[in-house]
Each structure stands twice: as structure tokens, then as C-alpha cells.
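Listed below are the residues making up each chain.
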Number of protein chains: 2
Amino acid sequence: MSVEVTRLPSGLTVVTENMPRLETAALGVWVAAGSRDERPDEHGISHLLEHMAFKGTSRRNARAIAETIEAVGGDLNAATSVETTAYYARMLKADVPLALDVLSDILSDPTFEDGELTREKNVIVQEIGACEDTPDDLVFDLLQATAFPNQAVGRPILGTPDTVRSFTAKKLRAYLTRNYHAPDMIVGAAGAVEHAAIVDEVTRRFASFAGAENLVAEKAHFHGGAKVQKRDLEQVHIALAMEGLPQKHDDLYSLSIFTNVLGGGMSSRLFQEVREQRGLCYTIYAFHSPYTDTGMFGLYAGTDAADAPDLMRVVIDEIAGAAETINEAEVNRAKAQMKAGLLMALESCSSRAEQLARQTLAYGHPIPVAELVAKIEAVSVESARAAGRALIARSRPAIAVLGPGPGLESAATIAESLGRRAA
Amino acid sequence: MSVEVTRLPSGLTVVTENMPRLETAALGVWVAAGSRDERPDEHGISHLLEHMAFKGTSRRNARAIAETIEAVGGDLNAATSVETTAYYARMLKADVPLALDVLSDILSDPTFEDGELTREKNVIVQEIGACEDTPDDLVFDLLQATAFPNQAVGRPILGTPDTVRSFTAKKLRAYLTRNYHAPDMIVGAAGAVEHAAIVDEVTRRFASFAGAENLVAEKAHFHGGAKVQKRDLEQVHIALAMEGLPQKHDDLYSLSIFTNVLGGGMSSRLFQEVREQRGLCYTIYAFHSPYTDTGMFGLYAGTDAADAPDLMRVVIDEIAGAAETINEAEVNRAKAQMKAGLLMALESCSSRAEQLARQTLAYGHPIPVAELVAKIEAVSVESARAAGRALIARSRPAIAVLGPGPGLESAATIAESLGRRAA
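Residues numbered from 1 in each chain as written. Chains lettered and ligands numbered in written order. Predicted model: local features only at pLDDT ≥ 70, side-chain atom pairs only at ≥ 80, totals over all residues.

As a further point, take the overall build of chain A. Scanning chain A from N- to C-terminus turns up 16 helices and 11 strands. Along the first, second and third principal axes, the C-alpha set of chain A runs to 60 × 50 × 35 Å. Taking all contacts inside chain A whose residues are at least 6 apart in sequence as the whole, residues at least 24 apart take part in 81%. (Helix = DSSP H or I, 4+ residues; strand = E, 2+ residues; numbered from the N terminus. Contact = placed C-beta atoms within 7 Å.)

Turning our eyes to something else, we now look at the interface of chain B and chain A. Taken residue by residue, the interface counts 54 residues in chain B and 54 residues in chain A. Taken together, the elements giving at least two residues each to the side of chain B that touches chain A come down to α2 (62-70), β5 (85-92), α4 (114-132), α10 (269-277), β10 (295-304) and α12 (328-346) of chain B. Take the side of chain B that touches chain A: its biggest share by element is 9 residues, from α4(B). Here the residues of the side of chain B that touches chain A are counted per class, giving 18 nonpolar, 17 polar and 19 charged. (Nonpolar A, V, L, I, M, F, W, Y, C, P; charged D, E, K, R; others polar.)

The next point concerns the sheet that holds strand β2 (residues 13-18) of chain A. Residues and elements named next belong to chain A. Strand order in the open sheet formed by 6 strands is β1-β2-β6-β3-β5-β4, and the pairing between neighbours is mixed. Looking at strand neighbours, the two that pair on one side only are β1 (3-7) and β4 (75-80), the edges of this open sheet. Strand-to-strand twist in this sheet, taken as the mean axis angle between neighbours without regard to direction, amounts to 15°. The pairing of strand β3 (residues 24-31) with strand β5 (residues 85-92) spans 8 bridges and is classified as antiparallel. By the bridge assignment for β5, A25 is matched with M91. Along the sheet, helix α13 (residues 349-363) contacts β1, β2, β3, β5 and β6 (185-191); its crossing angle with β6, the most-contacted strand, is approximately 150°. (Pairing = 2+ DSSP bridges. Axes fitted to C-alpha atoms, helices over the stretch in contact; angles between N-to-C directions.)

This part takes up the pairing of β1(A). Residue and element names in this part refer to chain A. With 5 bridges connecting them, β1 and β2 associate as antiparallel partners. Bridging from a neighbouring strand, R7 pairs with T13 of β2. Two successive antiparallel strands, β1 and β2, enclose a turn made up of 5 residues, where G11 displays a positive phi of approximately 105°.

Here we come to the relation of the copies chain B and chain A. When chain B is fitted onto chain A, the two copies agree to an RMSD of 0.0 Å after a turn of 180° and an axial shift of 0.0 Å. Here the copies are linked by what is in effect a two-fold axis. Measuring from the rotation axis to each C-alpha of chain B, the shortest distance belongs to B:T134, at 2.9 Å. Interface residue correspondence from chain B to chain A reaches 100%, placing this contact among same-surface, isologous pairings. (Least-squares fit on C-alpha atoms with pLDDT ≥ 70 in both.)

Once that is clear, we can look at the packing of helix α9 (residues 252-263) of chain B against α12(B). Geometrically, a packed helix pair is captured by the angle between its two axes and the distance between the axes. Residues and elements named next belong to chain B. Interhelical geometry of α9 versus α12 gives an angle of 105° and a closest axis separation of 9 Å. Considering the angle they form, α9 stands roughly perpendicular to α12. The segment α9 lies against α12, with S256, I257, N260 and V261 engaging E330, V331, A334, K335, Q337 and M338. Here the residues of the contact of α9 with α12 are counted per class, giving 5 nonpolar, 3 polar and 2 charged. (Parallel < 35°, antiparallel > 145°, perpendicular 65-115°, else oblique.)

The next thing to look at is the sheet that holds strand β1 (residues 3-7) of chain B. Residue and element names in this part refer to chain B. In space, the 6 strands of this open sheet follow the order β1-β2-β6-β3-β5-β4, with mixed pairing throughout. In the strand order of this sheet, the two ends are held by β1 and β4 (75-80), each with one partner. Here the strands of the sheet are splayed against their neighbours by 15° on average, with no regard to which way each runs. Note: strand β3 (residues 24-31) against strand β6 (residues 185-191), 7 bridges, orientation antiparallel. Within the sheet, the bridge partner assigned to L27 lies in β6 and is A189.

On to helix α5 (residues 135-147) of chain A. All names here are of chain A. Look at α5: 18 Å from first C-alpha to last across 13 residues, which is about the 18 Å you get at 1.5 Å a residue. Of all 13 residues making up α5, 11 are buried, and the element is well covered by its neighbours. If you check which residues of α5 are buried, you get P135, L138, V139, F140, D141, L142, L143, Q144, A145, T146 and A147. Buried residues in α5 make contact with α4 (114-132), β7 (225-230), β8 (235-243), β10 (295-304) and β11 (398-403). (Expected span 1.5 Å × (residues − 1). Buried ≥ 20, exposed ≤ 12 C-beta atoms within 10 Å, placed from the backbone.)

The next point concerns the domain arrangement of chain A. All names here are of chain A. In terms of domains, chain A is made up of domain 1 (3-205) and domain 2 (225-422). Relative to domain 2, the C-alpha centre of domain 1 lies at a distance of 28 Å. Between domain 1 and domain 2, the residue contacts involve 33 residues of the former and 30 residues of the latter. Looking at the side of domain 1 that touches domain 2, the elements with two or more residues in it are β1, β2, β3, α5 and β6. (Domains from an automatic or database assignment.)

This brings us to the confidence of the model for chain A. With 99% of its residues at a pLDDT of at least 70, chain A reaches an overall mean of 96. As scored by the predictor, the complex reaches a pTM of 0.95 and an ipTM of 0.94. (pLDDT = per-residue confidence, 0-100.)

Residue and element names in this part refer to chain B. Position of S58 relative to the elements: it lies in the loop between α1 (45-52) and α2. On the basis of neighbour count, S58 is assigned to the exposed category, with 9 C-beta atoms found within 10 Å. Along the backbone, S58 and D109 are 51 residues apart, and their C-alpha atoms lie at a distance of 6.7 Å. Not counting chain neighbours up to four residues away, the residues in contact with S58 comprise D109 and T111.

Before going further, it helps to examine the environment of B:T259. Secondary-structure assignment places B:T259 in helix α9. Linking B:T259 and B:F287, residues 28 residues apart in sequence, is a C-alpha distance of 6.1 Å.

Glancing now at unusual backbone geometry. Note that the residue after A:G405, namely A:P406, is joined by a cis bond; omega there is 0°. Backbone geometry places A:R21, a non-glycine residue, at a positive phi of 75°. Looking at the element boundaries, A:R21 is found in the loop between β2 and β3. Residue B:F112 is not a glycine yet carries a positive backbone phi of 50°. Here B:F112 is to be found in the loop between α3 (96-108) and α4.

Before going further, it helps to examine the environment of B:H249. Residues and elements named next belong to chain B. Turning to its location among the elements, H249 is positioned in the loop between β8 (235-243) and α9. Taking the number of C-beta atoms within 10 Å as the measure of exposure, H249 has 15 and is therefore partly exposed. Counting along the chain gives 114 residues from H249 to Y363, while the straight-line C-alpha distance between them is 12 Å.

All names here are of chain A. With their axes 10 Å apart at the nearest point, helix α10 (residues 269-277) and helix α11 (residues 308-325) run at an angle of 155° to one another. In terms of orientation, α10 and α11 fall into the roughly antiparallel class. α10 and α11 meet at a crossing whose hand is right-handed. Taking contact as the criterion, the partners of R269, L270, E273 and V274 in α10 are, on α11, L311, V314, V315, E318 and A322. The class makeup of the residues in the contact of α10 with α11 is 6 nonpolar, no polar and 3 charged. (Left-handed = near helix turned anticlockwise from the far one by under 90°.)

This is the structure in C-alpha cells:
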């Protein structure tokens, strides 16, 4: 392993891993700013900024940004989430300096030109329309709003057509200046990269970023409840959430193992019971997303309208049952999957650059693989069950149900009974 | 490079690449059988077979199949397409023999047990429902049917609820016996694998497969025309196709470069003109899928109902214009992207195993990277333009439009004018 970390005087951290024999590399900038850092009148501005970064700088217009990276066969992309915004590139070894040049250019010197801004707002309104047409995306927007109502963390990342259309260049610049500070930015790189060279480039090219580490956003409050939306669809799309654990919580790995046993793969309880034994769905899975101050345990299933209440009954029984009866074989299987996943990620420069950057964002430094493996190994059958019981007791569930009637309300009511069981 | 190929006496071919320093591997079985090999009364049976392979053998029930591979942290999956069905796994180095054992078991000895069959049919009916709720999937089913009406190649791979429910174990076995012959099967592996060991395992474990190479399915006839389906959606989803080129055609790479310049990335003409200059969509891209005896050039865009005719006009102009005015910078950029894509795929064991297997399926042997690079390099500005002009002249377009009115018919009519331009 050759992971190296350098914290620049500005507070920006560079973390890299040289992967021998690779001829390509992946690198990116991960910023600790996302939709929950938006003020009430900024709903959707993190995502608009991510788009507008590609729309021109003093040195390059939008077309030149795209052409510069694609002329060398590279790939440039970005993504906005609740707590982070990432800008990343994949390229051949020789083009690492070029990719850093482009990334630093679009982040430090975006011009937010009027015509580009108007057009890009329209692109995002189209993106919102596309999300509306994708029920298994949309149901998660409903879920997030049910879990965290009246809070930035509970709002759709894309914003609404009205909020997006309201933003000006001035407002974008205010958000950028307030949130993109050097101590909140990580440059992560992996593959055919040399740490010293990357540090040198970053020192020079990201010099305009300064500032103190950002205050943590307003504390999130998990609320729960049910949101039912009738739609003329083929399937009922069901998403369920309970309050999970923050990134640095001691029980994080126990809850991850619980979640994996419950809905992590083909051998998971939900897949086996709901899909394999009963044929009630095509897709069903569970996940856990940790945030800085809280977390979200979530679950998705799509099913026939007629089967929705049945499916929900089985799902609720499985969650409650797992917290009591998870066994050693299941825990060992979940551990094997998590450990193998770590090893596989080590062999992909894109996964590795992202992993290193996200660890550094969360913990201030990358976590050695051996330490992660030890944390996974330390989970016991009892700690996984306890994490499940604590999950059920921690919050009332949040439920979002989207699709054709008449079983929607009934499915939602059944899901809410999970909270009463724990009481 | 350490690509090795062995053709067994049965005709089954094993192709591997040992990738030094890797601790994990990817391997799979690629079979030259897919939806277009189905008889009229078998619509959807290729995909049902792919599902039923996981539902039990003499040695393992469905749960044991899932548990066996996930207990070692491995991953097992499968996919059915028009001409191929793939079963593949990702695992740690030590578990390569186990993965080959499971894959050979599920392909050579599936039991098609009645209860499992009934449940799995229901799972697929749910999958069909999920596809119905995903307009950017569904519009491609409409497109395929418009391009190739009344032919197996034009039917949805999933089948319909009625056809899926009609299948019996006997019918599944007949399809399997007719299509899964040793000369139509490739075992591909890459990563921490040893060719001799894989050949040894495959020889032993796949011994039950024999038979002669399958006849090519009925020749596909590209027809074209328009299919408009009114739906209460946010966006109009537009897919357009023209007859492309078969896998072994001399002009394949010229057409690939044309397609890439037109709609391959952020710097492509469609992305720049439709999204960046006009803000008419969030998603727009073009692709070319070669089959054995024909090919399909395709294009997708999602847009506002009000903008659909406008968008279609721009798209048609861009296709026609590209065939006349593509320039050297664009061709060079497309070449750089294709070459870099090849190099990046070389560093991922999953991509590499699939690439080697698919090349062997198409050409009888893997193609050295240098040979692929030479084919890309050989494309000229003139040959790319010529491929575009030939594309426009080769067929009338097929158009599928799905979404809210009233611009649907008008968009379809505009698209059909592309054919008249070439005349």
C-alpha cells in the first residue's frame, strides 16, 4: 500500500495512492458542502452550482471545458449529495496535470455567465421532469421529506422549477464563497499518480481557496410518518426509512452488518423471503447512509398494487424478526461480503480515489484497510442484533408509497405499526 | 499482455487474461443465445431461463446457490440480451474454482422445480411492471418493435405477462437443449486467474455441454416507422433508430466514430447543440449496437412536451449535418475517447473478462488491443462522413415517442423527414 496524505497550509488535504502497473488514473475534488448546507432561499443551489462549474471560466467557455478533457480521451463528471459535492475525472497517466488544471479552473474561476445560467436552469428543470418520470427515484425524494420534514436535509437535491429559476449569479457566488473553503476540500487521486507531483500541482492551482472549516449544518431531526401519493403506475413503489447512525458512531459496523443480512444481497432475508419464497417483487434491498450527525436506514421495494399490503407485512416482520434471530452464518456471510468489497475497491482507481477522499472528509485521514477489516471482524451476532433492536426503537418509521390504489394507505398503516412494536 | 485461448474438443472456448498484482478475479459464461433465438411461442423464455438457472440444481436449492457464493464475499449475476445471455461472477482469487463450480452447476443441471417456476414467473411479471414504470426503458422496447416489427429481434426481451405465464419446465428444457451448445459458449476470465487451471476446471465441469454450433437466427429486417404512445408523464421520451452495421462490417469503426462525434460525450454535437446551446433536455446521447447480421444506430432524448417538436427538428438537422461537416478535430477527439476507453477497460477485471468473451463470441478469438487501436486509427474524416451518409440512406428511421401530448405526432412526423432527405 502506498497511501500518502498531505495537508496544505490552506487546510486543503491531498490524499493519493499510487497503484503500480496502472496506465490510467482517477482523481477528483470532494467538497464538504451539499444540499443540507443550503439556506431556505437556496433550495437546489448546490446542484445548480455543480452544473454551472462546467459552464465557463475566464480561460475556457463551456465547450472548451468539454473539448479539453475529451480531446485526450478523459472523462469529467460531478455529483451533488446531501453533505458533499464531488467533481472527478478519469484519464490516462500523462493527462493528470491537465485534469487538475481543468478541475481547479472550473472550481476557482467560474464566470456564471447570464446566457449560460438561463440555459442551465432550463436543463435542470428538464432533469426535475426526468426524476418525476422515474418513480423509484421520486419515492426517495418523498421518503427524505417524510424522514426530515421542514429541514434542508429533507429537501430534494435538485430543488423545484421555481427555486431553480430564482437563482442569480450573485447568489451562486455567495453560496460558493460561503461553502467551498480549503479545509472542507479533499483532492483524492489513485492509479498512475505520484503524490509529490499532485501536491505540487494542487498547491499551485488551488491557491485561491482559503477560509476556515465550515460550521456543521443545522442538526438533523428524524421525524417519520407516512406520505402516500396516488399515481397511475404499474407498480406500487415503497420506500421505508428509520433513523440510522452517524459516520463516527461506534455501532456503525454492527448496523451495517444488520442491514446487509436483512437486505444486502441475494442471500439476504428480504430477498429470500419477499422475492424468492413469495415472488412478491422484482427489486428489494436495504441500505444504510451515515451522515455527520445522524444516519438513514432505508429500504426499497416495488410490487403489484394488490400485493402492496402483503409485501409490507412481510417486510415489517422480517425487520423485527432479524433483530431477534440473526445468526452466526448470516453475520459471517455479511462480513465476507464487506471484506471482499473492500478488496475489490482497492483494484479500481475510481473507487479507490473516492474511498480515500470520503474517508479523509469524514475522519480527517484515510483509514488503513486493516483497520476497516478489524472493525468488520469485531461485529458479533449479539452486536448486530442489538443494532437492529436499537434501530427499531430509535425512531418511528418514515414511509413513502407511490403508485396505483387502493392498497397504498393500508400499506402505509402496516409500516407504521413497526414503531408500535418497539414501544 | 497474457491473453490465452483454448478451444476444448467440445467446441467450448476458454479465454483468460492473468492480470498481475490482482487479488480478485472476474469470470463468466457468455452464450450465443438470446431473445432473437426464440420461436414465436417462446417470447421471453431466454430471460426466464436466465432467472431459473439460479433457482436450483440437483445439488443446490435456490437459497444454497445464493449463500454459497455470498459466503465467500462473491457476487453472481446474469443478463439476457438480443443475441447473448451472460452469467458472471466476481470473487477473490481463492474462490475461482468455487465460482466455476456454481456457474457450471446452474447451467448444466437446473431442475426447473414447479414451485420455483411459478414464483419466478411472478417475479418476472413484477419486472415487466417495473419496466412499464420506467419510460426511458419502455421507449426502447417501442423502438425495437418499430425497427424490427413481427420478428423475434424486435420483441421485448422480458416477454409479456401472458407469454411468461405460459412456459413450462419442458419448454425451458427444450430451449436450453436447442441453444446452449458447447461451440456457442465462451468462458471468459480475467484478474488473478491461471489459464491452465481454468481450462482444467472447465473441461471437467462443463463436460455435459456438446452439440454443433447453432444456426444463425432468422435474418433481421429493419423496417422503421413511428410509434406514438400518449402517457401522463412529465417528459416526452424520444428514441430514434436507423439500421446500423453488423459486427464484422469493414465500416464498423467509421460508423462508431460518426456516432461518437454526434452523440458520444459532453463535447458531442447533440450534447452541445441540444443541451448546451438550447437547454432543451437533460439527457441526450447516441449509440451503435452491432448484431451478427445487422446493427442499430440509436438515439435517446427526454424533453418537455412543448419542446418535443423543436428538439426533434434540431436532432434531425444535426444528424444530417454531421454526415456532411464532421471535421478532423472531432474525429481525433472521438478516436482519443475510444482508445482511452480501451486502456481503461484493460485495468478492470470485470470489463476485461467480458470484452475477451464477447470478442471471442463475435470473431472466434480475442482481438489484440493493438489491432483495435489500428482499426480506430484507420478511420478518416471522409470515412466517418461516408458512414453517416450511408446510415441515413440505408433505412427509413424508426421513431418511438412516449409522453404527454400534443406534440408527439408532430415530433414523429419531423423525424420521418430524415428518410426523405436522403432520397
